[in-house]
Amino acid sequence: MSKLDEVLLSELLQWYRLQRHDFMNHWQVIMGNLQLNRPEEALFYMQQTASASLEEQKIAQIPEPHLGAILLGFMIRLSQEKVMATIDFPEEMKQEEFWKDHWQEEYVEGLYGYTNECMAIVIQSMALKDLNAEVYLFDEQGGLACQFILSDEETVLCDQLIRLNQSS
């Protein structure tokens, strides 16, 4: 196992523990509302928390495990910083066959570093209100690209693109 694989595994376990803790807190809020006979508030809370998980569900549809681990960690870190984040990618990226021709191991280090750079920009921007992040994956000739756009209510603060090219 490579050093980066160990880092990704360790981070995934950390995110799992954090999400498990959050999940239990969510159940406590829902049960409390139900015990206080406030089912509308419980339902509203459930709808809010369920919608926050949709972006993570999208990532779970990507069969390339390294890519999924990096993107999941990135989206969870954004969420922890209270940044509303979305991810979008072409439908074919949900197919295992796609990744046989479009993924190379050397992409892992580049993409992991890229997401860390993007998080550093987020941290620097935390004084601003209502941050939104958009993450896009693209299939490009000879490789793959990932775009990160960070904005507040009025301004695009960052628009960063990484291209991962297949080696010959």
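My aim in this report is to walk through the structure given alongside it, one point at a time. (Residues numbered from 1 in each chain as written. Predicted model: local features only at pLDDT ≥ 70, side-chain atom pairs only at ≥ 80, totals over all residues. Heavy atoms only, no water.)

Turning our eyes to something else, we now look at the sheet that holds strand E4 (residues 156–165). The strand order E1-E2-E3-E4 describes an open sheet built from four strands, whose pairing is mixed. The sheet is open, and its two borders are formed by strand E1 (84–88) and E4, each paired with just one other strand. Strand-to-strand twist in this sheet, taken as the mean axis angle between neighbours without regard to direction, amounts to 15°. Of the pairings in the sheet, the one linking E1 to strand E2 (residues 132–140) comprises five bridges and is parallel in character. When the sheet's bridge partners are listed, Thr86 is paired in E2 with Glu134. Seen against the sheet, helix H4 (residues 65–80) touches E1, E2 and strand E3 (143–151) and runs at an angle of roughly 165° to E2. Relative to E4, helix H6 (residues 107–124) is tilted by about 175°, and along the sheet it contacts E3 and E4. (Pairing = 2+ DSSP bridges. Helix = DSSP H or I, 4+ residues; strand = E, 2+ residues; numbered from the N terminus. Axes fitted to C-alpha atoms, helices over the stretch in contact; angles between N-to-C directions. Contact = heavy atoms within 4.5 Å.)

Let us look at the packing of aromatic side chains. Scanning the entire structure with this criterion turns up six aromatic pairs. Note on Trp103 and Tyr107: the rings are 5.3 Å apart at their centroids and 90° apart in plane angle, and the pair reads as edge-to-face. (Phe/Tyr/Trp six-rings, centres within 6.5 Å; stacked < 30°, edge-to-face > 60°.)

Further remarks concern the pattern of salt bridges. Throughout the structure, instances matching the rule amount to five salt bridges. Glu55 is paired through a salt bridge with Lys58; the nearest N and O atoms lie 3.1 Å apart. Linking Glu55 with Lys58, this pair stays in helix H3 (residues 54–60), spanning three residues, or about one helical turn. Under the relative-accessibility criterion, Glu55 is labelled buried at 13%. Overall, Lys58 belongs to the partly exposed group, its relative accessible area being 29%. (Salt bridge = Lys/Arg side-chain N within 4 Å of Asp/Glu carboxyl O. Buried < 20%, exposed > 50% of the residue type's maximum accessible area, 1.4 Å probe, protein only.)

Right, let's get into empty space enclosed by the protein. Scanning the model with the defined rule gives one cavity of 30 Å³ or more in all. Quantified by volume, the largest cavity comes out at close to 50 Å³. If you trace the largest cavity, you find it lined by Leu8, Glu11, Leu12, Trp15, Ala69, Ile70, Gly73, Phe74, Arg77, Tyr112 and Thr115. Of all the secondary structure elements, the ones that give two or more residues to the lining of the largest cavity are helix H1 (3–35), H4 and H6. Looking at the lining of the largest cavity, the element that brings in the most residues is H4, giving five residues. Classifying every residue of the lining of the largest cavity gives seven nonpolar, two polar and two charged. (1 Å grid on protein atoms, 1.4 Å probe; cavity = no way out; pocket = protein on both sides within 12 Å on 5 of 7 lines; lining within 4 Å. Points joined across faces, edges and corners; volume = space filled by probe spheres on them. Nonpolar A, V, L, I, M, F, W, Y, C, P; charged D, E, K, R; others polar.)

Attention now moves to the nonpolar core. Membership of the largest hydrophobic core comes to 38 residues, with the highest contact counts inside it found for Leu78, Leu111, Phe148 and Leu150. Elements with a contribution of two residues or more to this core: H1, H4, E1, helix H5 (96–102), H6, E2, E3 and E4. The element contributing the most residues to this core is H6, with nine residues. (Core = buried A, V, L, I, M, F, W, Y, C linked by side-chain atoms within 4.5 Å.)

To continue, consider the environment of Arg77. In this structure, Arg77 sits in helix H4. What makes Arg77 buried here is its relative accessible area of 15%. Between the alpha carbons of Arg77 and Val122 there is a distance of 9.9 Å; along the sequence they are 45 residues apart. Here Arg77 is in contact with Trp15, Thr115, Asn116 and Met119, once residues within four sequence places are set aside.

Moving on, we get to the environment of Ser2. When you line up the elements, Ser2 lands in the segment before H1. Taking the relative accessible area as the measure of exposure, Ser2 reaches 37% and is therefore partly exposed. Reaching out from Ser2, the side chain makes a polar contact with the backbone nitrogen of Asp5 at a distance of 3.0 Å. (Polar contact = N/O pair within 3.5 Å; in protein donor to acceptor, adjacent residues only side chain to side chain.)

Note that all results are geometric; they support no functional claim without further evidence.
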